[in-house]
Structure formats: structure tokens, C-alpha cells
Amino acid sequence: MVGAEGDSGGTDTSEDDSTGEPVEDPTEDCAGVGAGLAPMRRLTKAQYDNTVRDLFDGVVEPGSTFPISIIHEGYANNPAANIVSLSAAEDILLAAEHAGQQVIDDIGSIVSCDPGATCAEGFIDDFGRRAFRRPLLPAERQALLDLYVQVESEDGFADGIGTVVTVVLQAPQFLYLFEEGGAEVEADVIELTDFELATRLSYLLWDTTPDEELLQLAEAGLLHEPEQLREQAQRLLADSARSGPALDRFFREWMHFDGVPAYEKDAALFPGYDDALAGAMDQELSRFIDGVLGSGEPTIERLLTSSVTQVDATMAGFYGVTPPASGWGEVTLPAEQRPGLLSRPALLAEHSTGTSSAPIFRGRLVRTQLLCDSIPPPPDDAMANAPEYPEGATEREKTEILMDHMNCGACHGLMNPIGLGFERFDPVGAWRELDVDGSPVDARGEVLSGDPQLAGEFDGVPQLGERLAGSDVVTACFANQFYRHSLGLEPSQALACAVDPIEEAFIASGGDIPSLLLELVGSNAFRLRVVTEEE
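Residues numbered from 1 in each chain as written. Predicted model: local features only at pLDDT ≥ 70, side-chain atom pairs only at ≥ 80, totals over all residues. Heavy atoms only, no water.

What is the right way to look at the overall build of the protein in this model?
Secondary structure assignment for the protein yields 23 helices and nine strands. Over its C-alpha atoms the protein spans a radius of gyration of 25 Å, differing by no more than 12% from the 24 Å that the globule rule assigns to 535 residues. Projected onto the principal axes, the alpha-carbon positions of the protein cover approximately 80 × 55 × 50 Å. Relative to its full complement of 535 residues, the protein shows a buried share of 53%. Considering only contacts in the protein between residues 6 or more positions apart, those separated by 24 or more positions represent 68%. Within the structure as shown, the protein displays about 22600 Å² of accessible surface, and the carbon and sulfur contribution to it stands at 51%. Here the protein contributes 32 positively and 94 negatively charged side chains, and the mean placements of these two sets differ by 4 Å. (Helix = DSSP H or I, 4+ residues; strand = E, 2+ residues; numbered from the N terminus. Rg over C-alpha atoms; globule rule 2.2 N^0.38 Å. Buried < 20%, exposed > 50% of the residue type's maximum accessible area, 1.4 Å probe, protein only. Contact = heavy atoms within 4.5 Å. Areas by Shrake-Rupley, 256 points an atom, 1.4 Å probe, with all protein chains shown as cover. Lys, Arg positive; Asp, Glu negative; His and termini not counted. Charge placed at Lys NZ, Arg CZ, Asp CG, Glu CD.)

This is the structure in C-alpha cells:
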């Protein structure tokens, strides 16, 4: 795996983030073909909502009760974020009933055939195939037909169809991405079926159920070839209305961003930070990412260094630039102030506190998400033994005290020196020249690393962004993160033998992000699955 060991930076699957305890990297589990682990995943709320809308061409709105994914750090499709408790099961039932009732109330918009047994059979075959993302098994088909007949005999055609919908939308075959696989490639390694690959591809790039073209290719047995998968991935990516939000979700979860409402910041210190500004920052983040991906150079380097973004009147006022005549418009901000993803106000506000710029949070973001290093959790008595700081101390002064306090320096030395390079941005992401004590801001930082591309001092986010953009470790880490996102993996589940070829190809492409997506979907790590002992 690209990158050195220890604190040098680089993708690291040798520790479990939840415990900090070392775990074995079972390289032999790839069985020599680069297959990877793939836990069974439940639909996220975004995927559920999109799927329900697409199953009914927008006629049926998804129920609001479907459970959201509980994530702090990681990706929303991780199984641990989507455990179905008793209360969650009740919420899923309510959401399914909400959809079923809409079908009953507007049956004429749902089915186009004359009500009756033949029409019901046709609906069950078609709806079941699209909802389960494969043709119904005979037993499944018969059970749904029996259900329809029972309800129709008492309450009529519409209620029969609506009840079928309610049952399907809470069935495990709908809620979970089952991957039983087909042929065994090697011992404990199976090849996914064409329908399972259609499902993986569609939920990765569109966050919704496979469309008719994918299902037809799967039925014809044509989707399992790498070139066909890449061709379909290009088609899905070209539909930016669907692929854009799905990719945006990855970037937000990668950067641990879920929005910063005004109430999270001290109103006395930052009276200008209201919900309107928070919302505009949120939109600007998405527009910046979309601008990079839609540019002629959609690379990790451009992502970390570009000073081109979009502003509306609110963001123009925040940045101090001329607003567009209406809506949003493209601007180029000063490169010495606002280069790249790490200078986006939304992220800076997210990774700070209500009153402090919090170098530890900003440094930890870089260390874990861009360098893929593991940082163990603080000891249980960390807060009780926190040092006292002089009133009015700067974050640099606080860091110096902290680094000399007890055993804090070992971990904080990996984070705070990086975070101090962000000090020209206050807790709401605004540029500042003066520190809290009135002195000029000192934004010198340092990356402690054994990698010469990364190691050394820097001054401010522009220099940090250039340093990161030129690092193979960062490029490999981005590929590792997207691979984990694609299958809902924990860091320790991203087997080196599965992800290494993807990382190496991404580096060879010059960090071209669309090339990474195509390389991933055609890889053995995407097309094959390791069968674990638990199965």
C-alpha cells in the first residue's frame, strides 16, 4: 500500500479506528485475485428516498420516517450506521405504509392496465423486478400474488396493489443489498452476478435503484465484463443530475461535513453568522466541488489548489467580491487566501468550535482524511487532566502548553502543528489578519512525516494545499477513501491487496478523479467478493 508506516502518512489498515488496537491485515483473504470484503449494506435514507421516487416515476413521495444513518466519522452506507432497531423497524413500516397509501389514492397514475388479475400479475412482475433489482423468485412472486388476491377480495384492486407495495418496501430483499454471488473464482472468493453489479454500480454513482438499461444488460449477462462496467459508469456519470448529488455526498462524508447552523456559533462573537450565511456556505461547498469535477482538470491537485468557486450575493459579501447580477456566478478568489477545498468556509466552520478555530480539529481532518493515518481516541481522563490556559491565549500558545502537558504531545503533535496552519481563518471560516490578542496571525504549521513529499514546515493553507497536492500518499489516501465509501467499509476492512491496484492506477493517472471511478468499477475489488467465515 502506498505510503510509509507509522506517522509518515499514507493509507493505513493496520489499526481499527474504533479501538486503536492493531488488527491483522489479512492479505491472504484476497486469494491472489484482488477481491475485497463487502459487508451487507442497508439502503441509506438518501438511497431509499431516491429509490422510491424512481420506482414510481416521481408520483409517490417517500415517507419522512425512514431512519437516517447514524454517522459521526465514516460513510453513511456503513452497516454500523444503519442498524435496524425496534423503533427503526417501526419507522420503516410507517414509511412503507405512507408509500402504499399514495398508491391506493392515485392508482390510475401507478398502473395503466385495466384493473384485474392479469394487470396485478404484470404489476407484481415489473415492480418486484425493479424493487428487488432482479427478477422475482417463484416463491416471492407467488407470495405477493397471494397477498394481492387476499386483499383485493375484501377491499378491491387499488388496496391490493397498495398492500403489495407496502410489503415490498419493507422486505429485506428491498432494504438490503444482498450479494449472494455466482461462480466461485477461487476458494472463498465469488464473482458477483450481473444483477448485483448493476445494483453496486447504480447505488454508487446514482444513489438509487438500477435503471432499465442496467437491468436489461444484467438479464443478458453482459454486465460483468470490466469494459462494460466502465462504459456504464461513464453513462451514469454523464447524467450529472443524478451522479452529482451522489458524488457530493461522498465529498461531504469524506470531509466530515454535515452543516453548521447559526446556533452552533457564538452570536456575540460572530453576529454576521446567521442561517442565511450558513446555507450559502453549504451551497458554495457543493458548487466548488462540482466545479472541480466539471472542469477540464478534475484532479486531486485542482481540488486542493483551485481558487475558482461560485458565489451568490451572500457569499460575495462574505468574500468581499462583486456579486453576480443574479443567482450564482463564477469568481476567482485571491490564491494567497482561498485556494482549494481546505479553504472553503463551510469546512472551516465545521472543524472549529463556537468560539475557537480549534487547530486540533482542523489538523485531525488532514491527518485522518487526507493522509489516512489513524489517531487513537483520547484517554478517558483527558478532559479532567486538561491544562489551564492563560486568559486571552492564542491557539499557538495553547498548543505549546498542551504539547508539554503530561502525555498529550504524542498524539497532538500529529494534529495541532498542521491545524495551526489554518489560523488565518476564524471559527466561521472568515479571513483574519489579527489574532485574538491583537497580534498578527502566525499561520506557520508543520507536517510530521517520514515522507519527504509531506514532511516539513509550511506557512498557511496555500502552502499546505500545494504540499498535499504533490503527495502520492494523499492521492493514494483519496482512492482508499472512495473505495471504502463504495462498499461501506471500516478502515481495517480495506484490504491492501484489493485497494493497492486502485491506488496505484489513480497515482499513475495524475490523480484524475473520473479515472479513479472507472478504475474502481472495473477492478476485481468491485467485481468479486471475499466470503467470510461468518457466512
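Explain the pattern of salt bridges here, please?
Close approach of charged atoms allows side chains of opposite charge to pair. By the definition in use, this model includes 27 salt bridges. Asp 54 is the salt-bridge partner of Arg 242, the closest N and O atoms lying 3.8 Å from each other. Residue Arg 242 is located in helix α11 (residues 240–254), and its partner Asp 54 is located in helix α1 (residues 45–55); the two are separated by 188 residues in the primary sequence. For Asp 54, a relative accessible area of 25% puts it in the partly exposed group. Arg 141 serves as the salt-bridge partner of Asp 125, at 2.5 Å between the closest nitrogen and oxygen. Within this pair, whereas Asp 125 is found in helix α4 (residues 117–132), its partner Arg 141 is found in helix α5 (residues 138–155), the two being separated by 16 residues in sequence. (Salt bridge = Lys/Arg side-chain N within 4 Å of Asp/Glu carboxyl O.)

It is not clear to me how the domain arrangement of the protein should be interpreted in this structure. Could you clarify?
Size of an interface: often given as the accessible area lost when the parts come together. The domains assigned to the protein are domain 1 (41–177) and domain 2 (275–469). Domain 1 and domain 2 are separated by 43 Å when their C-alpha centres are compared. (Domains from an automatic or database assignment.)

Got a minute to help me understand the side chain of Ser 343 in this structure?
Summarising the element assignment, Ser 343 is placed in the loop between β6 (329–332) and α15 (345–350). Note on Ser 343: relative accessible area 0%, which makes it buried. At a separation of 3.0 Å, a polar atom in the side chain of Ser 343 contacts the main-chain carbonyl oxygen of Gly 340. For Ser 343, the contacting residues outside a window of four places in its chain are Gln 337, Arg 338, Leu 348, Phe 425 and Val 461. (Polar contact = N/O pair within 3.5 Å; in protein donor to acceptor, adjacent residues only side chain to side chain.)

Would you explain the nonpolar core in this entry?
Ranked by internal contacts, the top residues of the largest apolar core, which has 95 residues, are Trp 254, Tyr 273, Leu 468, Phe 478 and Tyr 483. At eight residues, the largest contribution of residues to this core is made by helix α12 (residues 275–293). With residues near it in sequence (within four places) discarded, Phe 478 still touches Phe 250, Phe 251, Trp 254, Ile 300, Leu 303, Phe 506, Ile 513 and Leu 516. Residues Leu 55, Ala 96, Phe 123 and Phe 157 belong to the second largest nonpolar core, which totals 41 residues. (Core = buried A, V, L, I, M, F, W, Y, C linked by side-chain atoms within 4.5 Å.)

Explanation requested: the state of the cysteines in the structure shown.
A covalent bond between the sulfur atoms of two cysteines is what we call a disulfide. What the rule picks out here adds up to two disulfides. Residue pairing for Cys 372: its cysteine sulfur links by disulfide to Cys 477, the two sulfurs lying 2.1 Å apart. The sign of the S-S torsion, about 85 degrees, decides the handedness of the disulfide formed by Cys 372 and Cys 477: right-handed. In this pair, Cys 372 sits in the loop between α16 (359–370) and α17 (395–403) while Cys 477 sits in helix α20 (residues 472–487), placing the two residues 105 residues apart along the sequence. The same class applies to Cys 372 and to Cys 477, which are both buried. (Disulfide = S-S within 2.5 Å.)

Looking at this model, I keep getting lost on the pairing of strand β5 (residues 308–311). Mind explaining?
On a regular strand, each side chain points to the face opposite its neighbour's, so the side chains alternate between the two faces of the sheet. On β5, burial follows the alternation: Thr 309 and Val 311 on one face are buried, whereas Val 308 and Gln 310 on the facing-out side are not. Bridging between β5 and β6 involves four bridges; their strand directions are antiparallel. When the bridges of β6 are listed, Val 308 appears paired with Thr 332. (Pairing = 2+ DSSP bridges.)

Is there a simple way to think about α5 in this case?
Taking 1.5 Å as the rise per residue, α5 with 18 residues should run 26 Å; its terminal C-alpha atoms sit 26 Å apart, in good agreement. Within α5, burial applies to Glu 140, Leu 144, Leu 145, Leu 147, Tyr 148 and Val 151. Down the axis of α5, the smallest arc covering the buried residues is 160 degrees, so these residues share one side. Across from the buried face of α5, at angles greater than 90 degrees, the exposed residues are Pro 138, Ala 139, Gln 150, Ser 153 and Glu 154. Of the surrounding elements, those touching the buried residues of α5 are α4, α6 (157–168) and α7 (172–175). Directly after α5, the chain includes Gly 156, whose backbone phi takes a positive value near 105 degrees. (Expected span 1.5 Å × (residues − 1). Arc of directions from axis to C-beta.)

How should a negative patch on the surface be read in this particular structure?
On the surface, Glu 184, Asp 188, Glu 533 and Glu 534 cluster together into a negatively charged patch. Among the secondary structure elements, Glu 184 is positioned in strand β3 (residues 184–186). (Patch = residues over 30% accessible without salt bridge, like charges linked within 9 Å, V, L, I, M, F, W, Y side chains within 5 Å.)

Even after reading the chapter, I still don't get unusual backbone geometry, so can you show me in this structure?
Note: most residues except glycine have negative phi, and most peptide bonds are trans. The residue Asp 57 is not glycine, and still its phi comes out positive at about 50 degrees. Its location among the elements puts Asp 57 in the loop between α1 and α2 (86–105). A positive phi angle, close to 55 degrees, is found at His 256, a residue other than glycine. Considering the arrangement of structural elements, one finds His 256 in the loop between α11 and α12. The class for His 256 is buried, based on a relative accessible area of 15%.

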